[in-house]
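Working through the structure, step by step
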Amino acid sequence: MKKYLITNALLINEGQMKPSDVLIVGERIERIGNVISDPHAKVIDLHGNYLIPGMIDDQVHFRDPGLTYKADIHTESKAAVAGGITSFMDMPNTIPNTLTRALLEEKYQLAAQKSLANYSFFMGVTAANLDEALRVDNESVCGITDDGLYLEKQEILANNPEYLEKLFSRAETLVALHSEDDSIIHRNLRFYQKQYGDRIPVELHPAIRSSEACETATRRVLDIQKKYNNRLHFFHISTAAEAKLFSPAPIEKKRVTAEACIHHMCFSDADYPVLGSKIMWNPSVKSEEDRVELLKALQDGRLDIIATDHAPHSLEEKTGNYLQIKSGAPMVQHALLMLFELVGRGELALTTLVDKTSHRVADCYKMVGRGYIREGYFADLVEVAPSPAWTASTESLFYKCAWSPVVGRTFQHEIRRTFVSGSLCFQDGKFTTGQTGKRLQFHKIR
């Protein structure tokens, strides 16, 4: 059985920073302490670098199956591991959409063959498959969601209160929703089409997919959830107004949780003139005020976790007129490093970074044996080292789409090593093993 002894690490874990050694035996952490020795273990000296639990990303679009010309589980999980993300949860808007348990299990089989990172997949839920979606096993599937699903002109579920009533009254698993009001978006779009026709400037994306659209839908969904007290999670909260709707209560007491995404914390509308469609997401990147308030809400506990909403497209799909451009961008390879830059600027505490990218994600989804550096837990670990300033380049990307909105951005840290379920799979810019990921497991929602 493979053993690794990590020495001279600065552990960032459970709100503390302390020097420590970590002994990994097989897939798990066997011992944490000072001056551990094991003559049979391979010693890895971190020389005081940070050792953190791997980031758990609860919102990615790895495009497999059906859209693999722009991404697949193998390429994107490699990029994730290179970026210190050791586990991911993937969305159902592949081709075909993941709307049956049979299709869901096919995705798990793909990941078992291709993924370097640990994995789970959301079951898609629409007005047509409620009974099927509610049959998923919530101990082996992370949850059900409408994110990315637009079928036969159907609006997202946040705009269908009658259906939400049915869903929330019956759901025994976590329900995760995208929350924007389509009627407000369509009204805004018509307004700008009258002015610009099909040549709407990308800079107007946050005016079309506006703060009002987000807040209105989120309030509506929250009002319905209060009737049923079901387990609800909001993806990608993007506005200051929404952040104020959530409670700073301890996560174990919450029935409603919410997240912020990297791009909403690291970009603002001031970046559109330079980056244009490369920072087009739904919901949109909004104002500096919104960006700052999201960071405050993460610090005080109103927002619970940080995700990437990694959504690669080909460069061709990111060009053209406004109505043709696909929303989304690749983010997993640099997400943790972007957060470390926020720490360096004093906008985020280092312990909060770890809390929101690993501990609280594991708590939110009731994950088994993940998200913490604890004896007996899976060894999903990342070494982060301070480094001389370096600039992200296209040549260094592992994404199949071969572009990123962070190309040209400068960083002061690097991901030195990544362990996934006890396997050292990334070291000093190179992958050291093949498929290492395992299917994530969850405690039953109560």
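Before reading further, recall that the structure is shown in the block above.
In short, a report on the structure. The shown structure was predicted, so the numbers you read here are calculated from the model rather than taken from an experiment.

Turning next to the environment of R409. Along the chain, R409 falls in the loop between strand 15 (381-391) and strand 16 (410-420). Sequence separation between R409 and F88 is 321 residues, and the spatial gap between their C-alpha atoms is 24 Å. With near-sequence residues (within four places) excluded, R409 lies in contact with C266, F267, M338, W390, T391 and A392. Looking at R409, its side chain comes within polar contact range of the main-chain oxygen of C266, at 3.4 Å.

A two-sided burial pattern is seen for strand 5 (residues 50-53), the buried positions comprising Y50 and I52 on one face and L51 and P53 on the other. As paired strands, strand 1 (residues 3-13) and strand 5 are joined by 2 bridges and run parallel to one another. Of the residues in strand 5, the one forming a bridge with L11 is L51. Where strand 5 and strand 15 come together, 4 bridges link them in antiparallel fashion. Each bridged residue has a counterpart across the sheet, and for L51 the counterpart in strand 15 is E383.

What follows covers the packing of helix 4 (residues 161-170) against helix 7 (residues 211-228). Packing of helix 4 against helix 7 brings their axes to within 9 Å, and their N-to-C directions diverge by 35°. Taken as a pair, helix 4 and helix 7 cross one another with a handedness that is right-handed. Contacts between helix 4 and helix 7 involve P161, L164, E165, F168 and S169 from the former and R220, V221, I224, Q225, K227 and Y228 from the latter. For the contact of helix 4 with helix 7, a count of residues per class yields 6 nonpolar, 2 polar and 3 charged.

The tally for this structure, following the rule as stated, stands at 28 salt bridges. Notably, a salt bridge pairs E14 with R374, separated by 3.0 Å at the nearest N-O pair. Taken together, the positions of E14 in the loop between strand 1 and strand 2 (16-25) and R374 in the loop between helix 13 (350-365) and strand 15 put the pair 360 residues apart, joining distant regions of the chain. E14 sits in the partly exposed class, given a relative accessible area of 38%. You can call R374 partly exposed: its relative accessible area is 28%. A salt bridge links K227 to E165, with the shortest nitrogen-to-oxygen separation between them at 2.7 Å.

Before going further, it helps to spend a moment on the side chain of T308. Tracing the backbone shows T308 in the loop between strand 14 (305-307) and helix 12 (335-344). At 2.4 Å, the side chain of T308 forms a polar contact with the side chain of D57. In terms of polar contacts, T308 uses its side chain to reach the backbone amide nitrogen of H310, at 3.0 Å. Residues in contact with T308, not counting those within four places in the same chain, are M55, D57, Q59, V60, I85, C261, I262, H263, M331, V332 and A335.

So, on to the pairing of strand 1. Burial analysis of strand 1 places 8 of its 11 residues in the buried class, which makes it a mostly covered element. Following strand 1, the chain reverses through 2 residues before pairing antiparallel with strand 2; E14 in that reversal takes a positive phi of roughly 55°. Here strand 1 pairs with strand 4 (residues 42-45) via 4 bridges, running parallel. Paired with I6 across the two strands is I44, which belongs to strand 4.

Rules and cut-offs
Residues numbered from 1 in each chain as written. Predicted model: local features only at pLDDT ≥ 70, side-chain atom pairs only at ≥ 80, totals over all residues. Heavy atoms only, no water. Helix = DSSP H or I, 4+ residues; strand = E, 2+ residues; numbered from the N terminus. Contact = heavy atoms within 4.5 Å. Polar contact = N/O pair within 3.5 Å; in protein donor to acceptor, adjacent residues only side chain to side chain. Buried < 20%, exposed > 50% of the residue type's maximum accessible area, 1.4 Å probe, protein only. Pairing = 2+ DSSP bridges. Axes fitted to C-alpha atoms, helices over the stretch in contact; angles between N-to-C directions. Left-handed = near helix turned anticlockwise from the far one by under 90°. Nonpolar A, V, L, I, M, F, W, Y, C, P; charged D, E, K, R; others polar. Salt bridge = Lys/Arg side-chain N within 4 Å of Asp/Glu carboxyl O.

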